[in-house]
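Spelled out, the chains give:
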Amino acid sequence: MSENNFDVVVIGSGPGGYVAAIRAAQLGLKTACVEKDPTLGGTCLNVGCIPSKALLQASEEYAHADKALKRHGVMVENLQLDLLTMMGHKDKVVSDLTKGILHLFDKNDITHITGSGALGATGEVVVTDDSGAESTLLSKATIIATGSESASLPGIEIDEKRIVSSTGALALEEVPGHLAVIGAGYIGLEMASVWGRLGAKITVIEFLDRIVPGMDGELATNFQKMLRRQKMKFKLSTKVTGAELGESGVALTMEPVDGGGAETLDADIVLVAVGRKPYTQGLGLEQAGVKTDGGGRIEVNEHFETSVAGVYAIGDVIAGPMLAHKAEDEGVAAAEIIAGQKSHVNYDAIPGVVYTHPELASVGQTEEQLKETGIDYTAGSFPFIANGRARAMSATDGFVKVLADAKSDRILGVHIMGADAGTIIAEAVLAIELGASAKDLARTCHAHPTLNEALKEAALDVDERAIHV
Ligand code: NAI
């Protein structure tokens, strides 16, 4: 086999792409991964999940030292914020992890090619490097894993200085006096939490009449109350119509969605977090005959194969939630299918987590979805205030809700608001993956004292037999 001849070429090295490449290599396929950026890891590692979690953790430590530690008898005097060190920690975590992928590529004999990949003639991927030089790779199977980019709003230009996307919001040089956030979804609320904890005044403007659309309604309502207690202001059912850059800030104009008078809001920084769109620019999809849907996402069959034989797509460029772990699972499944194995992704068991404080975590169906589809269900819930560990941690905000099929008792959805909800949800994901009933979860011995006992109690409550309420 010549050096430009591969079994699999993956375009994009985010969590979908690099994981697909590693799985393909593990299965004995000669694999290359093409990445246009100088570092591997895509949005998640470079400007998404990882740096945001570094800042969420650091800002939570700060807020904790400022407000919560007293309750535990730990007194802190002269608390100070060193934003430069905080950012330095974030940058080091990113740099170490992106280098870690290089190491994994070496270990698995994956060829890393720097440049922009595009589909060429059948079985070819054309790579253009920074100098404009082109090279052609021959590939039996190509996996498109090029991810997504921030969406913007008409009339609002993101300059990553005053009007920022998540990328700019992760690299502000000082704490803004007033941060206006457009969009009350994952990114908006996580970034609002970071900068709010560090001292910024926060106003969140949301088009819909609720926050975190897609999450369970009861959870969202309670979550908004928690965030209000953290001094976040919300303007729901409001649309932003324009943004004007001034000397030192931005004047946002907005109006109620249902009509009414326009108003202006002055902010130092505006974060636009109104969703993401698939990134397929320059891939040559049209020439190659790869079909996309109305939203620009690549259409695939149940084997992740596009309308062109031998060309596969995974992650944010195809339908489904734009989540790193969903992309990873699709990457593994696509590589296994290419290697001739049977593989699939269970879309009923993909968790969603908002890493605020308290965290929000969800898997399976919401009450609204069950009502809409007419599925008869029973619900059990349990508050963290009745959980011993949560009390010891002073983390009593929130609750767990378990939704189970009324006839079979099979778990259909679990929704959690509370400290470490993103970790607790893993148990619920496994329960759904294995087709467990609420009774199975309730019968399972849980270590005491742990936060997970609240999940067991909520499962018991499905049968109205929770112990500690
Ligand atoms: P999102 O889809 O979570 O939220 C966008 C919000 O903006 C929605 O509430 C929407 O109703 C609102 N919106 C849309 N147009 C608007 C307008 N004109 N005015 C006001 N509000 C408007 O999108 P987000 O937060 O930008 O995140 C993008 C993607 O990144 C999501 O798919 C998310 O899953 C992913 N992500 C996941 C994270 C995690 O797993 N913790 C963290 C960050 C992002």
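So, a few notes on the structure that sits alongside this text.

Analysis parameters
All residue numbers here refer to positions counted from 1 along the written sequence of the relevant chain. Confidence filtering applies because this is a predicted model: local features only for residues at pLDDT of at least 70, side-chain atom pairs given and counted only at 80 or more, and all residues used for totals across whole chains, interfaces and linings. For side-chain calculations, the full set of non-hydrogen atoms in the structure is used, while hydrogens and water are omitted. Helix numbers and strand numbers start at the N terminus; a helix is a DSSP run of H or I with at least 4 residues, a strand a run of E with at least 2. Whether a residue is buried, partly exposed or exposed follows from its accessible area with a 1.4 Å probe, protein chains only, as a fraction of its type maximum: under 20%, in between, or over 50%, in that order. We call two residues in contact whenever any of their non-hydrogen atoms come within 4.5 Å of each other. Near residues are defined by distance, with any heavy atom within 4 Å of the molecule or strand qualifying the residue. Polar contacts here mean pairs of N or O atoms no more than 3.5 Å apart (in protein, one a potential hydrogen donor and the other a potential acceptor; neighbouring residues in sequence count only if both atoms are side-chain atoms). All accessible-area figures derive from a Shrake-Rupley calculation using a 1.4 Å probe, and residue coverage is judged against the displayed protein chains alone. Gly is placed with the polar residues, together with every amino acid not listed as nonpolar (Ala, Val, Leu, Ile, Met, Phe, Trp, Tyr, Cys and Pro) or charged (Asp, Glu, Lys and Arg). Buriedness of a pocket was judged along seven lines, with at least five required to meet protein on both sides within 12 Å; pockets are open sets of points on a 1 Å grid over the protein atoms alone, cavities are sets where a 1.4 Å probe fits but cannot get out, and lining residues have an atom within 4 Å of a point. Grid points are joined across faces, edges and corners, and a volume is the space filled by probe spheres set on the points. Strand pairing is assigned whenever DSSP detects at least two bridges linking the two strands. For helices, the fitted axis covers only the stretch in contact; all axes are lines through C-alpha atoms, and the angles between them, taken along N-to-C directions, range from 0 to 180 degrees. For classification, angles of less than 35 degrees are called roughly parallel, those exceeding 145 degrees roughly antiparallel, those between 65 and 115 degrees roughly perpendicular, and all remaining angles oblique. Rotating anticlockwise by less than a right angle from the far helix to the near helix defines a left-handed crossing, while the corresponding clockwise rotation defines a right-handed one. When two rings of Phe, Tyr or Trp (its six-membered ring) have centres within 6.5 Å they constitute a pair, described as stacked for plane angles under 30 degrees, edge-to-face for angles over 60, and tilted for the intermediate range. When the NZ atom of lysine or the CZ atom of arginine is within 6 Å of a ring's centre and also within 35 degrees of its normal, the charge is said to sit over that ring. Expected helix span is given by 1.5 Å per residue-to-residue step, counting one fewer step than there are residues. For salt bridges, the criterion is a side-chain nitrogen of Lys or Arg within 4 Å of an Asp or Glu carboxyl oxygen.

### Here's the deal with the environment of E124
Within the element layout of this structure, E124 appears in strand 5 (residues 124-128). Classification of E124 as partly exposed rests on a relative accessible area of 26%. Placed 310 residues apart in sequence, E124 and L434 show a C-alpha to C-alpha distance of 40 Å. With sequence-adjacent residues up to four places away left out, E124 is seen in contact with A118, L119, T136, L137 and L138.

### Some points on the site of the ligand
Around the ligand, the surrounding shell holds 23 residues, and the nearest of these are I187, E190, E206, G275 and V353. Contact distances for the ligand include 3.5 Å between an oxygen atom and a backbone N or O atom of A273. The contact in question runs from an oxygen atom of the ligand to an N or O atom on the backbone of M322, over 3.3 Å. Contact with the protein chains hides 81% of the accessible area of the ligand, taken as 850 Å² for the molecule alone. Of the residues forming the shell around the ligand, the biggest block, four residues, is contributed by helix 6 (residues 186-197). Here the residues of the shell around the ligand are counted per class, giving 15 nonpolar, four polar and four charged.

### Points about the layout of surface pockets
One number sums up the size of the second largest pocket: a volume of about 1300 Å³. Contributing to the lining of the second largest pocket are 38 residues, with E60, A63, R197, Q230 and H357 lying nearest its centre. Every element with two or more residues in the lining of the second largest pocket is listed here: helix 3 (49-68), helix 6, strand 10 (201-205) and helix 7 (217-229). In terms of residues, the lining of the second largest pocket owes the most to one element, helix 3, which gives eleven residues.

### What to know about the sheet that holds strand 13 (residues 250-256)
The strands making up a sheet associate through backbone hydrogen bonding, with each pair oriented either parallel or antiparallel. Pairing within the open sheet is antiparallel, and its three strands lie in the order 12-13-14. This sheet does not close on itself; its edge strands, each paired only once, are strand 12 (238-245) and strand 14 (263-267). Ignoring which end each strand starts from, the neighbouring axes of this sheet average 25° apart. As paired strands, strand 12 and strand 13 are joined by seven bridges and run antiparallel to one another. Bridging across to strand 13, T238 finds its partner in P256.

### Some words on the packing of helix 1 (residues 15-26) against helix 4 (residues 83-107)
How two helices pack is summed up by the angle between their axes together with the distance between the axes. Relative to each other, helix 1 and helix 4 sit at 20°, their axes nearing to 10 Å. In this view, helix 1 runs roughly parallel relative to helix 4, as classed from their interaxial angle. At the point where helix 1 passes helix 4, the crossing takes the left-handed sense. When helix 1 is examined against helix 4, the residues Y18, A21 and I22 are found in contact with a partner set consisting of I101, L104 and F105.

### Quick word on the pairing of strand 14
Inspection of the sheet shows strand 13 paired to strand 14 by five bridges, in the antiparallel sense. Counterpart to T253 in the pairing with strand 14 is T264. Where strand 13 folds back on strand 14, the antiparallel hairpin that results is connected by six residues, among which G259 adopts a positive phi of roughly 95°.

### A look at the side chain of E336
By secondary structure assignment, the location of E336 is in helix 9 (residues 324-338). Within the structure, E336 has its side chain in polar contact with the side chain of R23 (distance 2.7 Å). Discounting residues that sit within four places of it in the chain, E336 has contacts with R23, L27, Q341 and S343.

### Describing the side chain of D216
Summarising the element assignment, D216 is placed in the loop between strand 10 and helix 7. D216 gets classed as buried once you look at its relative accessible area, which sits at 0%. Looking at D216, its side chain comes within polar contact range of the main-chain nitrogen of E367, at 3.0 Å. Here K401 takes part through its side chain, which lies 2.7 Å from a polar atom of the side chain of D216. Setting aside residues no more than four positions away along its own chain, D216 makes contact with R210, T366, E367, E368, K401 and H415.

### Some remarks on the packing of aromatic side chains
Under the counting rule described, the total for this entry stands at zero aromatic pairs. One cation-aromatic arrangement involves K30 over F6; the distance from NZ or CZ to the ring centre is 4.6 Å.

### A few points about empty space enclosed by the protein
The full count for this structure, using the stated rule, is one cavity of 30 Å³ or more. Computed from the structure, the largest cavity encloses a volume of approximately 40 Å³. Every residue along the wall of the largest cavity is listed here: D409, A438, K439, A442, A459, L460, V462, D463 and R465. Of all the secondary structure elements, the ones that give two or more residues to the lining of the largest cavity are helix 13 (438-443) and helix 14 (453-462). Each residue belonging to the lining of the largest cavity can be placed in one class, and the counts come to five nonpolar, no polar and four charged.

### Some thoughts on helix 4
Taking 1.5 Å of rise per residue, the 25 residues of helix 4 would be expected to cover 36 Å, and the 36 Å separating its terminal C-alpha atoms lies within 8% of that figure. Along helix 4, the positions that sit buried rather than exposed are L83, M86, M87, K90, V94, T98, I101 and F105. Turning to helix 4, the residues buried within the fold contact helix 1, strand 2 (31-35), helix 2 (42-47), helix 3, strand 3 (111-114) and helix 6. Trailing helix 4 by a residue or two, D109 shows a phi angle of about 60°, which is positive.

### Considering the pattern of salt bridges
Summed over all chains, the structure comprises 17 salt bridges. Among the salt bridges present, the one from R23 reaches E336, with a minimum N-O distance of 2.7 Å. Taken together, the residues span a long stretch of sequence, with R23 in helix 1 and E336 in helix 9 at a distance of 313 residues. The exposure class assigned to E336 is buried, which follows from its relative accessible area of 12%. For K235, the salt bridge is made with E263, and the minimal N-O distance between the two is 3.1 Å. Of this pair, K235 sits in strand 11 (residues 232-235) while E263 sits in strand 14; the two residues are 28 residues apart in sequence, bridging distant segments of the chain. Residues joined by salt bridges that share partners form a network here, namely D216, E218, E367 and K401.

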